[in-house]
There are 2 protein chains.
Amino acid sequence: MTEQTAGSRPTLEAVAAHAGVSRATASRVVNGGAGVRTPLVEKVRRAVEELGYVPNHAARTLVTRRNGAVAVIIAEPEFRVFSDPFFEQQVRGISRELTAHDAQLVLLWVEGPGDHDRIARYLGGGHVDGALAFSLHSDDALPAVIDRARIPVVFGGRPTPGTAPTIPFVDCDNRGGAREAVRHLVGLGRRTIAHISGPPDQTSAVDRIHGYRDVLIDADPALVCQGDFTEESGARAMAELLDRRPDVDGVFVANDLMASGALLTLRERGVRVPEDVAVVGFDDMDSVVRRTRPALTTVHQDIEGMGRLMVKLLMRLLDGTGPEVPESVITPTSLVRRASA
Amino acid sequence: MTEQTAGSRPTLEAVAAHAGVSRATASRVVNGGAGVRTPLVEKVRRAVEELGYVPNHAARTLVTRRNGAVAVIIAEPEFRVFSDPFFEQQVRGISRELTAHDAQLVLLWVEGPGDHDRIARYLGGGHVDGALAFSLHSDDALPAVIDRARIPVVFGGRPTPGTAPTIPFVDCDNRGGAREAVRHLVGLGRRTIAHISGPPDQTSAVDRIHGYRDVLIDADPALVCQGDFTEESGARAMAELLDRRPDVDGVFVANDLMASGALLTLRERGVRVPEDVAVVGFDDMDSVVRRTRPALTTVHQDIEGMGRLMVKLLMRLLDGTGPEVPESVITPTSLVRRASA
DNA sequence: GAATCGACTGAGAGCGCTCCCAGGGTCTGA
DNA sequence: TCAGACCCTGGGAGCGCTCTCAGTCGATTC
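Residues numbered from 1 in each chain as written. Chains lettered and ligands numbered in written order. Predicted model: local features only at pLDDT ≥ 70, side-chain atom pairs only at ≥ 80, totals over all residues. Heavy atoms only, no water.

1. Observations regarding the UniProt feature "domain: HTH lacI-type" (unreviewed entry) in chain A
Move 1: As recorded in UniProt, the feature "domain: HTH lacI-type" (unreviewed entry) lies at residues 10-64 of chain A.
Move 2: Annotation note: span residues 10-64 of chain A, helix share 69%, strand share 0%, distance between end C-alpha atoms 21 Å. (UniProt positions renumbered as here; feature names shortened; annotations may be inferred. Helix = DSSP H or I, 4+ residues; strand = E, 2+ residues; numbered from the N terminus.)

2. Focus on helix α1 (residues 12-19) of chain B
Residue and element names in this part refer to chain B.
Move 1: Looking only at α1, the buried set comprises Leu12, Val15, Ala16 and Ala19. Down the axis of α1, the sector holding all buried residues measures 100°, keeping them to one side.
Move 2: Packed against the buried residues of α1 are α2 (23-30) and α3 (38-51).
Move 3: Just downstream of α1, Gly20 is the residue with a positive phi angle, here 75°. (Buried < 20%, exposed > 50% of the residue type's maximum accessible area, 1.4 Å probe, protein only. Arc of directions from axis to C-beta. Contact = heavy atoms within 4.5 Å.)

3. Some words on the confidence of the model for chain A
Move 1: Here chain A averages 87 in pLDDT, and 92% of its residues register 70 or above.
Move 2: Low confidence marks residues 1-6 of chain A, where pLDDT is under 50. Its contacts with residues over four positions away, or in another chain, come to six contacts. (pLDDT = per-residue confidence, 0-100.)

4. Some details on the domain arrangement of chain A
Residue and element names in this part refer to chain A.
Move 1: Each assigned domain of chain A is listed with its residue range as follows: domain 1 (12-55), domain 2 (69-172 + 305-332) and domain 3 (174-301).
Move 2: Summarising the inter-unit geometry, the C-alpha centres of domain 2 and domain 3 are found 30 Å apart.
Move 3: Contact between domain 2 and domain 3 buries roughly 1000 Å² in total, counting both sides, with carbon and sulfur atoms accounting for 45%.
Move 4: For the pair domain 2 and domain 3, the interface holds one salt bridge.
Move 5: The salt bridge involving Asp207 is made with Arg158; its shortest N-O contact spans 2.5 Å. (Domains from an automatic or database assignment. Buried area = accessible area lost by both parts, 1.4 Å probe. Salt bridge = Lys/Arg side-chain N within 4 Å of Asp/Glu carboxyl O.)

5. Describing the pairing of strand β3 (residues 130-134) of chain B
Residue and element names in this part refer to chain B.
Move 1: In terms of residue burial, β3 counts as a mostly covered element, since five of its five residues are buried.
Move 2: Of the two faces of β3, the one holding Gly130, Leu132 and Phe134 and the one holding Ala131 and Ala133 are both buried throughout.
Move 3: As paired elements, strand β1 (residues 69-75) and β3 share four bridges and run parallel to each other. When the bridges of β3 are listed, Ile73 appears paired with Ala133.
Move 4: One ladder, built from four bridges, connects β3 with strand β4 (residues 153-156); its direction is parallel. Within β4, the residue paired with Leu132 across the bridge is Val154. (Pairing = 2+ DSSP bridges.)

6. Here's the deal with the pattern of salt bridges
Move 1: Tallying each qualifying case throughout the model produces 32 salt bridges over all chains.
Move 2: With a closest N to O distance of 2.6 Å, Asp220 of chain B and Arg245 of chain B form a salt bridge. Of this pair, Asp220 of chain B sits in the loop between α9 (203-215) and β7 (224-226) while Arg245 of chain B sits in the loop between α10 (231-244) and β8 (250-253), and the two are 25 residues apart along the sequence.
Move 3: Given a relative accessible area of 22%, Arg245 of chain B falls into the partly exposed group.
Move 4: Counted as one network, the salt bridges with shared partners bring together Arg96, Glu97, Glu304 and Arg308 of chain A.

7. Considering helix α11 (residues 256-268) of chain A
All names here are of chain A.
Move 1: Between its terminal C-alpha atoms α11 stretches 18 Å, which fits the 18 Å expected from 13 residues at 1.5 Å a residue.
Move 2: Every buried residue of α11 is accounted for by Asp256, Met258, Ala259, Ser260, Gly261, Ala262, Leu263, Thr265 and Leu266.
Move 3: Structurally, α11 contributes buried residues whose contacts are with β6 (193-197), α10 (231-244), β8 (250-253), β9 (278-283), α12 (286-289) and β10 (297-301).
Move 4: One or two residues past the end of α11 sits Gly270, with phi positive at roughly 75°. (Expected span 1.5 Å × (residues − 1).)

So this is what it looks like as structure tokens:
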């Protein structure tokens, strides 16, 4: 019996032969060695080492029905989602946690509805044990596509109500964070507090408005101006707000990027921050916060931690541990006080 | 949700039975249907449809020894490689081309030397057919790790000489592009042309200096000032250059980001661009070029195309088509003339 | 009309691994 | 010293698919 076939990699069979044990025993050792006597474990380990044995992943998956890979679905309906620092941090958290679980990250990049079929086929094809996706817009058909694949999925961000009710998600406490931001402004003695909101088809934006309204129940509707989460839109919204209500003395902006834009407008108009108008952002995005003048007071969320949490939730789903449909997780936010408010 | 086969998914066997053919015939149809009579093809197709059959990837891989996945190795020895627009574009190109080849992208995120073992094991474990990696710094041990895995690999960017001699790469014509940039400055009648270079442990930076020297053989060494590819370093280098040689009337900067910094310094010092000093960058990075004043003349490279090319090269390696060791590809660059030179 | 040929089809042998189950060895208690 | 209990170990049966190879069947040719 030849031990090592030239060319191809050694198999478990070869390791077993080399160690003088059966394939079953070799397999046990390779998978942790529980229930195998120490001397045999040693022998097998040595054989593995000497032969440079690496388990064949496909063969293992075929019988275990587990392949140790998780898909991360990144949809790019618009400009540069991928290089968004928010995404980067979340994906990093996911990657780290996945590594800790010895699972692999398979990137599924969706460029449009034309890809949905491909994605569905892939997810359904048993290539991955589960998937992580990000809920973006309410008109996105992706959640439905993913749902159809019938594999465990966890969302990053709360999906639009009704889109995917059975899928657990991880989101930060957008509403609570917004409330805290607004209360902080109130606590500072501000009387006329405006809100620059994000696009209404994203739940995070909607939740943040709700948080604002929770505190300021009777606020003048003219005090809410909508942006689209970009810096320019924040600048524009701030200008409009200033025109509508020159008496504004506090602004809660739905994200840091727009807050940065708002700060620019305020400076241009000669409005002092925080003396005349106090500004609070949301996200505590490092790359933005570092460069605003004055330093931005904002609502911090642990983005990387949310990524890790998504993986943990998914792993629980895969293990079958915990409740059948694990409840979603809302992570806490905290206000970071800097100079702008 | 719907009923569908309780528990496990239908197998080829089931499809065959449903269609009244053998497993072999069903397999042929699923894999293109060549050599099967039309009525049978129809029958099998219908069975596949009705049963919602999806091939089991692991089983297929087990016998074909091909798994249709390619690893993209992203090393992050420093701050935010991932959200770098350069990377984003390249990865997008890779992703698109991979999809066109029906292959899957597996992301391998390397966070440090501690991960090397994991990566090596993964690459060697038959999880992927090949790998794509980016050569970053000369002191990086990653190329060696990858080389040891003995699977087809293609690099993005030329590796440091001696690191991985047998691995093909895709790089743009850094030297030629640099030469064109400098010649353009010469053609503009500039006499004292400086160069702001990148970090010397990256081949792209080295090649660009070489290109500069190719044209300006006798240039004063004081005309070359080193940066680290960041905007700030470009600003600093420009300041130093101005101090050393106030008579400078042209600068070739090794990348756009540093060029943007240089432009800032020039403006601060009241030096007119391009009247007093003409500036040429490198990369034609959209996000940078769009915001410089004046608009930056720069050397364009097709980054997404390079990503696609990496995949094409790898596919050729996997197919066994073409030469045993395919030669690397150097993509052309082109000068984009804008206002700064 | 029979022989030859070519085009399809299907049976069966694995790919490399895990896991069930029976059998053998060892250890303990009487 | 021997039976019974308990551990280990190894044989063997697949996991679902591809692929070779032999066999079938209709068509073509003389």
